[in-house]
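# Inside the fold
The chain contents come next:
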Amino acid sequence: MDQKQIAVVGGGTMGAGIAQVFAQSGYRVDLVDLNEEILKRSIGRIEKSVRKLAEKGVLDPSKVDAVLSSVRPVPSVGKMAPSALVVEAVPEHFELKKKIFQELDAAAPKESILASNTSSISITEIAAATKRPEKVIGMHFMNPVPLMKLVEVIRGIATADETYERVEALTKELGKTPVEVQDYPGFVSNRILMPMINEAIYALMEGVASAEDIDTVMKLGMNHPMGPLTLADFIGLDVCLDIMEVLYSGFSDPKYRPCPLLKKMVRAGYLGRKSGRGFFEYGS
Ligand code: CAA
């Protein structure tokens, strides 16, 4: 099998970013999504980001066209080329991921590694939906993928050492730093990040300080590039709530209970940047 052919399933922000970083490292990438509009938007997003990186000298400008032409939009899992690695990056709902992994298990060559970019769902449980749990692994990229250096590489209970080592090497090839993580709710990143964001929302709900001031404390006091409420808007409040629910039920521990204000905002459709309103307002 061609080791330079990979596929990414899911054309949202994360899927587009993952496809882009593989293309920048010389891979041919099939970007799979059922929705043609989403695929068109992802290709546009990749183009904008690649051009920006070339402008800033991060990427050799003579390589822009080659990078862009190596990402192929594909309308279904059944139509993707045989791929050494498939990275799933669809929304954070277990039933959806399970269905996609079953489809991938049937469609991909049996030596292909199947990775999930899940931010908190159990890799062990996803792997159990397939007949190749030893080849299933977590590859958790951070947003914005082209800029962020970290990838959490998550071992499910059955992930083979060979699978882990291959994915660790691939991550380094992308110029990113892999961190080995065992499969527990929220892994490392979201087990620490989300309770901090949730606590910032409690502080806002209790009137401890304004949203702007809570963010200022963390930006100027702790040198975080974004305050926790701006970061929550950037990630998406629905995603933050989903992750808190995974932590809460996964540990059965009340310290992870999602803040009622977070729930209320998600119910109102105030999802952050993507909906134009979250803790802050964004232009159209
Ligand atoms: N591709 C290329 N360039 C990009 C880009 C992208 N996707 N996104 C931003 N840039 C560029 C901007 O255009 C800008 O360029 P100029 O300097 O020419 O204007 C440059 O990067 C810097 O961006 P900004 O000026 O907008 O802002 P910044 O200096 O604050 O940097 C940031 C942006 C890197 C996102 C920084 O704010 C940051 O690190 N924020 C925290 C991000 C973070 O915590 N991510 C993890 C989220 S959690 C997660 O992803 C996992 C999960 O499971 C929820």
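Residues numbered from 1 in each chain as written. Predicted model: local features only at pLDDT ≥ 70, side-chain atom pairs only at ≥ 80, totals over all residues. Heavy atoms only, no water.

## Here's the deal with the domain arrangement of the chain
As assigned here, the chain comprises domain 1 (5-182) and domain 2 (191-275). Taking only C-alpha atoms, the centre of domain 1 and the centre of domain 2 are 27 Å apart. Contact with domain 1, which involves 6 residues of that partner, is made by 4 residues of domain 2. Both faces combined, the contact of domain 1 with domain 2 buries some 450 Å², and carbon together with sulfur accounts for 65% of it. Among the residues of domain 1 in contact with domain 2, Glu 92, Ser 120 and Asn 143 are the three that bury the most area, contributing 66% of the side total. There are 0 salt bridges connecting domain 1 and domain 2. At the boundary of domain 1 and domain 2, one finds 0 residue pairs in polar contact (both at pLDDT 80 or more). A class-by-class count of the residues in the side of domain 1 that touches domain 2 yields 1 nonpolar, 4 polar and 1 charged. (Domains from an automatic or database assignment. Contact = heavy atoms within 4.5 Å. Buried area = accessible area lost by both parts, 1.4 Å probe. Salt bridge = Lys/Arg side-chain N within 4 Å of Asp/Glu carboxyl O. Polar contact = N/O pair within 3.5 Å; in protein donor to acceptor, adjacent residues only side chain to side chain. Nonpolar A, V, L, I, M, F, W, Y, C, P; charged D, E, K, R; others polar.)

## A short note on the sheet that holds strand E2 (residues 28-32)
Pairing in this open sheet of 8 strands is mixed, and the strands run E3-E2-E1-E4-E5-E6-E7-E8 from one edge to the other. Each having just a single partner strand, strand E3 (71-74) and strand E8 (177-182) make up the two edges of the open sheet. Here the strands of the sheet are splayed against their neighbours by 25 degrees on average, with no regard to which way each runs. Sheet topology places strand E6 (residues 136-141) next to strand E7 (residues 150-155); 4 bridges connect them, and they run antiparallel. The residue bridging His 140 from the neighbouring strand is Glu 152, located in E7. (Pairing = 2+ DSSP bridges. Helix = DSSP H or I, 4+ residues; strand = E, 2+ residues; numbered from the N terminus. Axes fitted to C-alpha atoms, helices over the stretch in contact; angles between N-to-C directions.)

## Comments concerning the nonpolar core
Residues Ile 18, Phe 22, Val 29, Leu 85, Met 139 and Phe 141 are the most contacted members of the largest nonpolar core, which totals 35 residues. At 6 residues, helix H1 (residues 13-24) tops the list of elements feeding residues into this core. Once you skip the residues sitting within four places of it in the chain, Val 29 turns out to touch Gln 5, Ile 6, Val 8, Ala 19, Phe 22, Ala 23, Ser 70, Val 71 and Arg 72. (Core = buried A, V, L, I, M, F, W, Y, C linked by side-chain atoms within 4.5 Å. Buried < 20%, exposed > 50% of the residue type's maximum accessible area, 1.4 Å probe, protein only.)

## Notes on the pattern of salt bridges
Scanning all chains against the criterion turns up 13 salt bridges. Here Arg 132 makes a salt bridge to Asp 105, at a shortest N to O gap of 2.7 Å. Highlighted residues: Arg 132 in the loop between helix H5 (123-127) and E6 and Asp 105 in helix H4 (residues 94-107), separated in sequence by 27 residues. Each of the two residues, Arg 132 as well as Asp 105, counts as buried. Between Arg 155 and Glu 180 there is a salt bridge whose closest N-O contact spans 2.7 Å. On the criterion of sequence distance, the pair formed by Arg 155 in strand E7 and Glu 180 in strand E8 is long-range, its members being 25 residues apart. What emerges from the salt-bridge pattern is a single network uniting Glu 88, Glu 92 and Lys 97.

## Focus on the side chain of Asp 233
For Asp 233, the location among the structural elements is in helix H9 (residues 228-235). We note that Asp 233 is buried and unpaired, the nearest opposite charge coming from Arg 273 at a distance of 7.0 Å. Setting aside anything within four residues of it in sequence, one finds Asp 233 in contact with Leu 271, Gly 272, Arg 273, Gly 278, Phe 279, Phe 280 and Tyr 282. (Lys, Arg positive; Asp, Glu negative; His and termini not counted.)

## Let's talk about the site of the ligand
In the vicinity of the ligand lie 18 residues, with Ser 49, Lys 56, His 140, Asn 143 and Asn 190 positioned nearest. At 2.6 Å, a side-chain N or O of Ser 49 approaches a nitrogen atom of the ligand. Looking at the shell around the ligand, the element that brings in the most residues is helix H2 (residues 36-55), giving 3 residues. Split into classes, the residues belonging to the shell around the ligand amount to 11 nonpolar, 5 polar and 2 charged. Each of domain 1 (5-182) and domain 2 (191-275) accounts for three or more of the residues forming the shell around the ligand. (Near = heavy atom within 4 Å.)

## Digging into the packing of helix H8 (residues 211-222) against H9
When two helices pack together, you describe them by how their axes are tilted relative to each other and by the distance separating the axes. Running from N to C, H8 and H9 cross one another at 105 degrees; their axes reach a closest spacing of 7 Å. Our classification of the angle between H8 and H9 gives roughly perpendicular. Contacts between H8 and H9 pair Ala 211, Ile 214, Asp 215 and Met 218 from the former with Pro 228, Leu 229 and Thr 230 from the latter. Considered class by class, the residues forming the contact of H8 with H9 number 5 nonpolar, 1 polar and 1 charged. (Parallel < 35°, antiparallel > 145°, perpendicular 65-115°, else oblique.)

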